[in-house]
Amino acid sequence: MPKRVTFIHAADLHLGAPFRGLRALSDAWADRLLTAIPESYDRVIEAALENGVDFVVMAGDIFDSARASYGDYLHFFQGLHRLDEAGIPVYLCTGNHDPFTSWKQDFFAFPPNTFMFSADKPSFETFERDGEPLVLLGGRGYYNQTWPFDQDIAEGVNRSAAEEATGAADAPFAVGVLHTGLNLDHTKAPTDPSALMRTGMDYWALGHIHKRYTFPDDNPRLVFSGCIQGRDINETGERGVFKVTLTENAPNQLEFIPTASVVWQRMHVDVADCASIAEVSEKIMRELFRENGNSHCEEMCVRIELTGKTQLHKFLEAPSVLADLRKNINDSYAFFFCDALIDRTELPLDKEALAGEGLFPAVLLQVACSQRENEEETLAYLQDEFLKKNLTVSRSVERSLGKLAGEAENLVLDLLGQSEAR
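Procedures and definitions
Residues numbered from 1 in each chain as written. Predicted model: local features only at pLDDT ≥ 70, side-chain atom pairs only at ≥ 80, totals over all residues. Heavy atoms only, no water. Phe/Tyr/Trp six-rings, centres within 6.5 Å; stacked < 30°, edge-to-face > 60°. Helix = DSSP H or I, 4+ residues; strand = E, 2+ residues; numbered from the N terminus. Buried < 20%, exposed > 50% of the residue type's maximum accessible area, 1.4 Å probe, protein only. Pairing = 2+ DSSP bridges. Axes fitted to C-alpha atoms, helices over the stretch in contact; angles between N-to-C directions. Core = buried A, V, L, I, M, F, W, Y, C linked by side-chain atoms within 4.5 Å. Contact = heavy atoms within 4.5 Å. Parallel < 35°, antiparallel > 145°, perpendicular 65-115°, else oblique. Nonpolar A, V, L, I, M, F, W, Y, C, P; charged D, E, K, R; others polar. Polar contact = N/O pair within 3.5 Å; in protein donor to acceptor, adjacent residues only side chain to side chain. Disulfide = S-S within 2.5 Å. Salt bridge = Lys/Arg side-chain N within 4 Å of Asp/Glu carboxyl O. Left-handed = near helix turned anticlockwise from the far one by under 90°.

1. Digging into the packing of aromatic side chains
Within this structure, the stated rule accounts for 27 aromatic pairs. Ring centres of Tyr-41 and Phe-76 lie 5.6 Å apart, and the angle between their planes is 40°; this geometry places the pair in the tilted category. With a gap of 35 residues between them, Tyr-41 in helix α1 (residues 27–51) and Phe-76 in helix α2 (residues 70–85) connect regions that are remote in the sequence. Phe-76 matches Tyr-41 in its accessibility class, with the two residues each being buried. Note on Phe-100 and Tyr-143: the rings are 5.8 Å apart at their centroids and 25° apart in plane angle, and the pair reads as stacked.

As structure tokens, then:
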């Protein structure tokens, strides 16, 4: 029988993280989200217990702040003690949010099941089953909140060093644990993915990148599990941990386990087929339930953009109408919260007919077309205008120039239509 090991790979718990900006929108949801991260951590512990894994890895940023509260420490260590009672070891490293120097070791002592990788140098540990070495683990954490640019956080973390340090050369598996930007964030302890692949480690449990990432697809060895709970609209979709199964002479197997009790989502609702504002409201609610079902979560924070060509555009662009629609969403169901409702609809204009009339709209469309065909010239014009105001054009503007030009064209045509209506 080939040997096998299973473990939970978690990272970026960010216990104690604030949810900035929500207090101004809703006290109730601001209070609710303060409990979401501790709940998600509890679900990590439950996932380990319910799946009966061999051990748990936490790859940095357990706490959100270098000044974590006593309550955050208490909650975290309660989870460690639950795993200790079940005989499940925990291996963790520190990250840039919770560097080694910030850990308040006078608050608590780690239970016997918990091992923290060193921050000043690589360190190693062996997981044993029935007295037999099964997994070599090696890693390194952050010592301070920043990582020196001239040092590689992964240097010295490899199978050969692990064998020498532990004397367990016969262990069939080796797992590395780091908090690193890899090649995805060059400001936070970056390291070379190809170099990691040559270290002899069967799996790298990585933290810092808040999205799930696996490489290569057919046998994942470099893996970010992502954060356990989204904190704002930039962290949308399901969040959770991986249950990892390593088997001799077989590809690594990953099973995603969701842990977020509140999921953030961006939604685009096409209202072109709606004949009234009431129908718009009904369609939004239908789409909310559909999205909620797909997200496998209890509660959901959403930012909704209304799209499509519709005669309702002239009503939907009114702030009071959008405010009433948003209030209706938030009053209808306690488990949905819409933080913003944005109108991206357009009037159903016949641009070909306008271009053929030879009037001002035709000239506008001709100029807009020319701008889209000469992006370099348009960008140079924008840069000159920005420089006059001591500003620089952001990379996001450069990448979205065509889209922004189309939005500007539609905006001017909308304004012309409103002027003619008056």
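2. Digging into the sheet that holds strand β4 (residues 114–116)
One open sheet accounts for six strands, arranged β4-β3-β2-β1-β11-β12; its pairing is mixed. Each having just a single partner strand, β4 and β12 (253–258) make up the two edges of the open sheet. Averaged over all adjacent pairs, the angle separating strand axes in this sheet is 20°, with direction ignored. Note that strand β1 (residues 4–10) and strand β2 (residues 55–59) share four bridges and pair parallel. Residue pairing across strands places Phe-7 opposite Phe-55, the latter belonging to β2.

3. As for the nonpolar core
Core analysis: the biggest nonpolar cluster contains 30 residues, and Ile-8 and Phe-76 have the highest contact counts within it. Among the secondary structure elements, those contributing two or more residues to this core are β1, α1, β2, α2 and β3 (90–93). The leading source of residues in this core is α1, at six residues. Beyond its immediate stretch of four places on either side in the chain, Phe-76 contacts Leu-13, Leu-15, Tyr-41, Met-58, Ile-62, Phe-63, Leu-92 and Trp-103.

4. Considering the pairing of strand β11 (residues 240–247)
Every other side chain in a regular strand lies on the same face of the sheet, so the side chains alternate between the two faces. For β11, the tally of buried residues reaches eight of eight residues, placing the bulk of the element in the interior. Pairing between β1 and β11: six bridges, direction antiparallel. Residue Ile-8 lies in a different strand from β11, and its bridge partner there is Lys-243. The pairing of β11 with β12 spans six bridges and is classified as antiparallel. Counterpart to Lys-243 in the pairing with β12 is Glu-255. Taken together, β11 and the strand that follows it, β12, pair antiparallel across an intervening segment of five residues, in which Asn-249 is found at a positive phi of about 60°.

5. Brief notes about the sheet that holds strand β5 (residues 123–129)
An order of β5-β6-β7-β8-β10-β9 is seen for the six strands of this open sheet, with the pairing classed as mixed. Looking at the sheet topology across the chains shown, the edges are occupied by β5 and β9 (213–215). The mean angle between the axes of side-by-side strands here comes to 20°, regardless of whether they run parallel or antiparallel. Across the sheet, helix α3 (residues 159–166) lies against β5, β6 (132–140) and β7 (173–179), angled at about 75° from β5, the strand it touches most.

6. Things to note about the packing of α1 against α2
The interhelical angle for the contact between α1 and α2, taken along N-to-C directions, is 10°, at an axis separation of 10 Å. As judged from the angle between their axes, α1 and α2 are roughly parallel. Judged by residue contacts, Pro-38, Tyr-41, Asp-42, Ile-45, Glu-46, Ala-48 and Leu-49 of α1 engage His-75, Phe-76, Gly-79, Leu-80, Arg-82 and Leu-83 from α2. Its residues assigned to classes, the contact of α1 with α2 comprises eight nonpolar, two polar and three charged.

7. Some details on the side chain of Ser-261
Tracing the chain through its elements places Ser-261 in the loop between β12 and β13 (262–270). Residue class for Ser-261 comes out buried when judged on its relative accessible area of 0%. Side-chain polar atoms of Ser-261 contact the side chain of Glu-39, separated by 3.0 Å. Ignoring anything within four residues of it in the chain, the contact list for Ser-261 reads Arg-32, Ala-36, Glu-39, Ser-40, Arg-43, Gln-229, Cys-297, Glu-298 and Glu-299.

8. Looking at the state of the cysteines
Inspection of every chain in the model, using the stated rule, returns zero disulfides. Considering cysteine sulfurs only, Cys-301 is the nearest to Cys-338, which forms no disulfide, with 9.7 Å between them.

9. So, the pairing of β5
Note that β5 and β6 share seven bridges and pair antiparallel. When the sheet's bridge partners are listed, Phe-124 is paired in β6 with Gly-138. Between β5 and β6, which pair antiparallel in sequence order, lie two residues; one of them, Asp-130, sits at a positive phi of approximately 55°.

10. Description of the pattern of salt bridges
Within this structure, the stated rule accounts for 15 salt bridges. Put simply, Glu-39 and Arg-32 hold a salt bridge, and the shortest N to O gap is 3.1 Å. Given the relative accessible area of 29%, Glu-39 is considered partly exposed. Residue Arg-32 is classed as buried on the basis of its relative accessible area, which comes to 16%.

11. A look at unusual backbone geometry
Phe-215 connects to Pro-216 through a cis peptide bond whose omega is -15°. Mapped onto the elements, Pro-216 comes out in the loop between β9 and β10 (222–224). Of note in this structure, Asp-61 is not a glycine but carries a positive phi near 55°. Counting through the fold element by element, Asp-61 comes out in the loop between β2 and α2.

12. Thoughts on the packing of helix α5 (residues 277–295) against helix α7 (residues 319–332)
How two helices sit against one another is set out by the angle between their axes and by the gap between those axes. At a closest axis distance of 11 Å, the pairing of α5 and α7 adopts a crossing angle of 40°. Taken together, α5 and α7 sit at an angle that is classed as oblique. Considering how the two elements wind past one another, α5 and α7 form a crossing that is right-handed. For the pair formed by α5 and α7, the contact residues are Ile-277, Val-280, Ser-281, Ile-284, Met-285 and Leu-288 on the first element and Val-321, Leu-325, Asn-328, Ile-329 and Ser-332 on the second.

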